[in-house]
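Okay, here's what each chain looks like letter by letter:
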Amino acid sequence: MPSLALIAHPDSGRHDTGWGHPEHVGRIRAIPRALRYDPELFHLLEHREARHATHEELALAHDPVYVSTVEELAARGGARLDADTVVSEGSWAAGTAGAGAVLDGLDLAFGDGPRRSFCAVRPPGHHALRDGGMGFCLFGNVAIGAHYARRRHGAERVLIVDWDVHHGNGTQALVQQTADIRFVSMHQWPWYPGTGAASDRGPHANVWNVPMEAGLAREVYVAAFLSAVDAATVGFVPDVVLVSAGFDSLAGDPLGGFTLEMDDVERLTREMVSRAEHWCGGRIVSALEGGYAPERLGEACVRHMRALV
Ligand SMILES: [Zn+2]
């Protein structure tokens with residue numbers, strides 16, 4: 001049986017931001033293209049089409065009024081939620097498939113497997129707030145997943161790690177009230193969205209923010225990230241690990257100044273896999289967040305999946 005599911009949905013391509021927008025449809029198309037150069041990996045994956053998350057599932061983390069608003073705006077042809085966050089006609093289908101992919105990954109992890117999933121989805125999710133989208137994000141896919149794992153699968157403790165170059169402010173906002181969900185976010189500082197100071201630990205001290213300068217040596221980021229993960233899991237054994245896999249932390253990304261390379265993607269992934277094996281029988285659900293150089297993004301997803309397999 002395959003050890004890794006690749007969960008995707010063609011509706012991810014229906015979230016139409018326009019080609020001038022950094023979070024354009026070419027990002028998601030780059031993933032199957034990169035996978036074509038690795039036919040061996042392709043055949044090792046369990047390929048799954050995501051389901052669409054329901055209103056009730058989205059409301060695990062969002063205000064139901066906001067959820068309905070996104071659906072209505074999409075049905076009316078779209079609107080702009082802020083300067084860079086777009087709802088298009090296809091965005092409801094894309095957004096619900098993105099969250100649904102993570103929920104499917106959790107159903108597999110807690111069911112008959114595979115224990116590990118990578119959700120190749122867009123729009124990303126980690127900036128989305130309870131009652132509004134921001135920073136290209138509509139729904140907090142990973143945060144919804146964390147609450148779903150607890151509610152639906154009886155997971156007590158959930159660890160979320162986020163190596164996107166931007167602070168996962170939405171994820172933090174959507175999970176920090178739940179002490180048994182721990183959140184580790186490494187991000188460029190100062191940088192968009194301006195939150196994520198190390199001193200911001202949330203009301204239950206269950207948040208580990210790791211703000212980092214741009215342009216440091218690659219290994220400094222890797223070490224800082226892993227040491228935060230280890231600090232966050234002292235006396236805390238997660239039942240599942242969720243990964244906000246943002247690949248805008250790679251060198252050369254137009255929206256970030258970190259210096260990670262493909263080998264670091266592999267290293268970070270392997271480190272999380274081995275910890276998850278130790279903690280929870282290897283349950284990991286990873287979801288794509290940022291990454292705005294499509295070719296690099298495609299390659300990074302392949303390296304990430306290689307390490308997850
Ligand atoms: Zn980002």
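**Digging into the overall build of the chain**
Okay, step 1: For the chain, the count of helices and strands is 10 helices and 10 strands.
Okay, step 2: Relative to the globule expectation of 19 Å for 309 residues, the C-alpha radius of gyration of the chain, 17 Å, shows essentially globular dimensions.
Okay, step 3: Overall size of the chain, expressed as C-alpha extent along the three principal axes, is 50 × 45 × 40 Å.
Okay, step 4: Burial analysis of the chain (309 residues in total) assigns 61% to the buried set.
Okay, step 5: Partitioning the contacts of the chain with sequence separation of at least 6, the portion at a separation of at least 24 is 77%.
Okay, step 6: Surface summary for the chain: the accessible area is close to 11400 Å², and the carbon and sulfur share equals 51%.

**Some remarks on the side chain of Gln172**
Okay, step 1: The residue Gln172 is located in helix α7 (residues 169-175) in this model.
Okay, step 2: Gln172 gets classed as buried once you look at its relative accessible area, which sits at 4%.
Okay, step 3: For Gln172, the side chain forms a polar contact with the side chain of Asp200, separated by 3.0 Å.
Okay, step 4: In this view, Gln172 contacts His167, Phe183, Asp200, Gly202, Val207 and Asn209; residues no more than four positions away in its chain are not counted.

**Concerning the coordination of the zinc ion**
Okay, step 1: Protein ligation of the zinc ion involves Asp164 (OD), Asp164 (OD), His166 (ND1) and Asp248 (OD), the donor distances falling in the range 2.0 to 2.7 Å.
Okay, step 2: Taken together, the four donor atoms surrounding the zinc ion define angles of 54 to 154 degrees at the centre, an arrangement classified as irregular.
Okay, step 3: Along the chain, the residues that donate to the zinc ion are spaced as D-x1-H-x81-D. With respect to class, Asp164 is no different from His166; both count as buried.

**A closer look at the pattern of salt bridges**
Okay, step 1: Counted under the stated rule, the structure contains 19 salt bridges.
Okay, step 2: Taking the shortest distance from any N to any O, the salt bridge between Glu23 and Arg122 comes out at 2.6 Å. Of this pair, Glu23 sits in the loop between β1 (4-8) and α1 (26-35) while Arg122 sits in the loop between β5 (116-119) and α6 (141-153); the two residues are 99 residues apart in sequence, bridging distant segments of the chain. Arg122 carries the same exposure label as Glu23, and that label is buried.
Okay, step 3: Between Asp264 and Arg218 there is a salt bridge; the shortest N-O distance is 2.8 Å. A residue pair is termed long-range when its members are at least 10 positions apart, and Asp264 in helix α9 (residues 262-280) and Arg218 in helix α8 (residues 218-232) qualify at 46 residues.
Okay, step 4: Classification of Arg218 by relative accessible area gives partly exposed; the value is 32%.

**Some points on the nonpolar core**
Okay, step 1: Phe118, Phe225, Phe247, Met272 and Met305 are the most contacted members of the largest nonpolar core, which has 51 residues in total.
Okay, step 2: If we skip the residues at most four places from it in the chain, Met305 touches Leu4, Leu6, Ile31, Leu35, Leu41, Leu45 and Phe118.
Okay, step 3: Counting 42 residues, the second-largest nonpolar core is a separate cluster that includes Ala99, Ala149, Val175 and Leu242.

**Brief notes about the pairing of β5**
Okay, step 1: Every second residue of β5 is oriented toward a common face, with Arg116 and Phe118 on one face and Ser117 and Cys119 on the other, all of them buried.
Okay, step 2: Judged from the four bridges that link them, β1 and β5 form a sheet pairing that is parallel. Bridge pairing links Ala5 to Ser117 in β5.
Okay, step 3: Taken together, the four bridges between β5 and strand β10 (residues 284-288) define a ladder with parallel strand orientation. Its bridge partner lying in β10, Ser117 is registered against Val285.

**Overview of the packing of aromatic side chains**
Okay, step 1: For the structure on display, the rule yields five aromatic pairs.
Okay, step 2: Taking the centre distance of 6.0 Å and the plane angle of 85 degrees together, the rings of Trp92 and Phe139 count as edge-to-face. With a gap of 47 residues between them, Trp92 in helix α5 (residues 91-110) and Phe139 in the loop between β5 and α6 connect regions that are remote in the sequence. Of the two residues, Trp92 and Phe139, neither departs from the other in class, the shared state being buried.

**Notes on the sheet that holds β1**
Okay, step 1: In spatial order, the strands read β2-β1-β5-β10-β9-β6-β7-β8; together these eight strands make up an open sheet with parallel pairing. Every interior strand has two partners, whereas the edge strands, β2 (45-49) and β8 (207-212), have only one. Pairs of neighbouring strands in the sheet enclose a mean axial angle of 15 degrees, with direction left out of account.
Okay, step 2: Relative to β2, β1 runs parallel, the two sharing five bridges. In the sheet register, Leu4 faces β2, and the bridge partner there is Leu45.

Conventions we followed
Residues numbered from 1 in each chain as written. Predicted model: local features only at pLDDT ≥ 70, side-chain atom pairs only at ≥ 80, totals over all residues. Heavy atoms only, no water. Helix = DSSP H or I, 4+ residues; strand = E, 2+ residues; numbered from the N terminus. Rg over C-alpha atoms; globule rule 2.2 N^0.38 Å. Buried < 20%, exposed > 50% of the residue type's maximum accessible area, 1.4 Å probe, protein only. Contact = heavy atoms within 4.5 Å. Areas by Shrake-Rupley, 256 points an atom, 1.4 Å probe, with all protein chains shown as cover. Polar contact = N/O pair within 3.5 Å; in protein donor to acceptor, adjacent residues only side chain to side chain. Donors = N, O, S within 2.8 Å, 3.2 Å for Na, K, Ca; no water. Tetrahedral: all angles 85-135°; square planar, octahedral: opposite > 155°, others 65-115°. Salt bridge = Lys/Arg side-chain N within 4 Å of Asp/Glu carboxyl O. Core = buried A, V, L, I, M, F, W, Y, C linked by side-chain atoms within 4.5 Å. Pairing = 2+ DSSP bridges. Phe/Tyr/Trp six-rings, centres within 6.5 Å; stacked < 30°, edge-to-face > 60°. Axes fitted to C-alpha atoms, helices over the stretch in contact; angles between N-to-C directions.

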